[in-house]
Structure formats: C-alpha cells, structure tokens
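Residue-level structure breakdown
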Amino acid sequence: MHSTIAYTSLLGILLPFVLLYFNKGYLTANRYLAAFFFFSSLYVLENFYFFYGTSLDKIAFFTNVHAFFYLIGPFAFFYVRSILRDNSKLSKTDYLHFAIFVISFIGYTPYFFSSWDYKLTVAQNLYSDNWDISPFHLNKIFLHEIDQVLNVLHTYFYSFSLWYLLLHYKNL
C-alpha cells in the first residue's frame, strides 16, 4: 500500500511534463495546471517519506522542499481563474500570491546550504517518534509553529478562493 502512494506521487511529478509536451490549447493555463500537479505531487511525496520512509537520505532530501508547498494554492487559483475568465495573464498584484513562498524559501536558504550531516540529524529526528523539529530552526524567518499555522491558513484561503471563483463565475 505504501509503495502505491510513492509511485503515484512520482507519476504525478512526471505528468506535468507530459501535459506541457502535448499541450494543444490554453498554453499558459496548462502551465499553471502542470505546476499545480508537480508541486502537489512533490508535497505528497515529501509527506510519504516523512511518515513511511525508512531511508534517512531520502527523508533528509525532502526536508529541503517544504517551502514549495506554498506554490500549490496560487497555481490552482491561477489555473481555475484563467479557465473561467479565458485570460491567463497575471497582473502586478497577482505576484503577491507568491509572497509567502518567497519569504519561506528565503528563510530555508541557510538550511539548504547546511551540511548533509545536519540534515541527517533532522531526518533522524523525523524518523524517530519524537517529531519535534522546532529546536532545529530550519526556517530562519518562520518559526516551526508559525509555519504550521500558515500551512493551514494557506490551504483554507485558497480553498475558499477557488469556491468563490466557481460561484462568482457560475452566475455570469
């Protein structure tokens, strides 16, 4: 069962490239969809290795990709909006959707360049029953607790935004 999740996530990471290669219309909108598929599959694969992984190297590798979670919501939003409005251009204010990702990515930058031994120490902590990574301060801008709250708020914000788009454009 566990390997099915990993293989499905890997397929989800490869699917966006197939989508972009065989693109027959809605070129920019399909780029948003491909990015959504890629980053959501990457996030599922990250969580799979955190929960079920036995290889410390893979767990350590996936500790580097957490900031990309903040790209899932914006790409889903831009895809749905571009399909509903038949306009996929981004305005200057649309780039604010990427602000949390940029801040989180900058906060993780020191961790990206930390030693592999340090990453293995973090991975060992995740592999154990402890699961308390707050002492490691992986993100220098967002504390672990703030990041966890932001994950939930980010998900709810984009879920409500997608429903708003669907209900708003249903009446037009």
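Conventions adopted
Residues numbered from 1 in each chain as written. Predicted model: local features only at pLDDT ≥ 70, side-chain atom pairs only at ≥ 80, totals over all residues. Heavy atoms only, no water. pLDDT = per-residue confidence, 0-100. Helix = DSSP H or I, 4+ residues; strand = E, 2+ residues; numbered from the N terminus. Core = buried A, V, L, I, M, F, W, Y, C linked by side-chain atoms within 4.5 Å. Buried < 20%, exposed > 50% of the residue type's maximum accessible area, 1.4 Å probe, protein only. Contact = heavy atoms within 4.5 Å. Salt bridge = Lys/Arg side-chain N within 4 Å of Asp/Glu carboxyl O.

A word on the confidence of the model for the protein. Detail in the predicted coordinates should be disregarded across regions flagged by low pLDDT. Taken as a whole, the protein shows an average pLDDT of 88; of its residues, 97% reach a score of 70 or greater. Highest mean pLDDT in the protein belongs to helix 5 (residues 99-112) (95); lowest belongs to helix 1 (residues 2-21) (78).

Our next topic: the nonpolar core. Phe-39, Leu-45, Phe-62, Phe-75, Val-122 and Leu-138 are the most contacted members of the largest nonpolar core, which totals 39 residues. When contributions to this core are tallied by element, the ones reaching two or more residues are helix 1, helix 2 (27-52), helix 3 (56-62), helix 4 (72-85), helix 5, helix 6 (116-127) and helix 7 (144-170). Not counting chain neighbours up to four residues away, the residues in contact with Leu-45 comprise Ala-6, Ser-9, Leu-10, Ile-13 and Phe-62.

Positive phi, normally seen in glycine, also occurs at Asp-86, with a value near 55°. Relative to the helices and strands, Asp-86 is located in the loop between helix 4 and helix 5. Phi is positive for His-137, which is not a glycine, with a value near 50°. Take His-137: it is sitting in the loop between helix 6 and helix 7.

All right, on to the pattern of salt bridges then. Under the criterion given, the structure shown has one salt bridge. A salt bridge links Arg-81 to Asp-94; the nearest nitrogen and oxygen atoms lie 2.7 Å apart. Here Arg-81, found in helix 4, pairs with Asp-94, found in the loop between helix 4 and helix 5; they are 13 residues apart in sequence, far enough to count as distant. Overall, Arg-81 belongs to the buried group, its relative accessible area being 9%. Accessibility expressed as a relative area gives 7% for Asp-94, which makes it buried.

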